[in-house]
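Reading the structure
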Amino acid sequence: SILFSDILTIPDAFGLGVNFVENEGPVFAKPINTPIDVSNLTHFDPSDLDYVYKAVTNIKNSLPDHIPLIGFCGSPWTLAAYSIEGRSSKDFAKTLNFIKNNKVKTHELLSKYTDACFLYLRRQVQSGADVIQIFDSWANLLDAKNLRNFSLNYTKSLISALKQDPLTANTPIILFSREPK
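Below: a short report on this structure. (Residues numbered from 1 in each chain as written. Predicted model: local features only at pLDDT ≥ 70, side-chain atom pairs only at ≥ 80, totals over all residues. Heavy atoms only, no water.)

1. Some details on the sheet that holds strand S4 (residues 131–136)
With respect to topology, three strands assemble into an open sheet ordered S3-S4-S5, the strand pairing being parallel. The two strands at the open ends of the sheet, each matched to only one other strand, are strand S3 (70–74) and strand S5 (173–177). Recorded for the sheet is a direction-independent mean angle of 20° between the axes of neighbouring strands. Bridge count between S3 and S4: five bridges; the pairing is parallel. Bridge pairing in S4 places Gly71 opposite Ile132. Where helix H7 (residues 144–164) meets the sheet, its contacts fall on S4 and S5, and the angle it forms with S4 comes to roughly 170°. (Pairing = 2+ DSSP bridges. Helix = DSSP H or I, 4+ residues; strand = E, 2+ residues; numbered from the N terminus. Axes fitted to C-alpha atoms, helices over the stretch in contact; angles between N-to-C directions. Contact = heavy atoms within 4.5 Å.)

Set out below in structure tokens:
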């Protein structure tokens, strides 16, 4: 069984104001437009997503013992791509331009998202998730070098943190990643 809340809960908890618009999908009220926007992000408080953890607990309690519950989150790169673009896009040109011109701030954003993903996934496991799935839905936007720098390194860091934490060390992890360019 899998709980689908949405992968953009973390950017919303950072104060970016994610709304879902009919026929458009997610639209950010406050996307990352400048390097200063990265510096001005609010502190991530995993308690802001208590509704997700309560849903995990409720679903886990209603499942037979032999059926595992999969918790999930977006990868740091996917969260950053949406946060910078401000919405879904066919080419994410704004995002790719931002990372090209603002490498340091992009890495800062990805670090913040990696830390937040760890806390978010840890709380899901604490609430009853048996397995974790990480969605790197926009890996295909990046060429090989940028895939390593902006996606894989942060996903590896997230997985490493989960494997080193006593609560999540033995939790199976599934990575979904779209084929890169």
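2. So, the state of the cysteines
Under the defined criterion, the tally for this structure stands at zero disulfides. Unpaired in terms of disulfides, Cys73 finds its nearest cysteine sulfur in Cys117, a separation of 3.9 Å. You can call Cys73 buried: its relative accessible area is 1%. (Disulfide = S-S within 2.5 Å. Buried < 20%, exposed > 50% of the residue type's maximum accessible area, 1.4 Å probe, protein only.)

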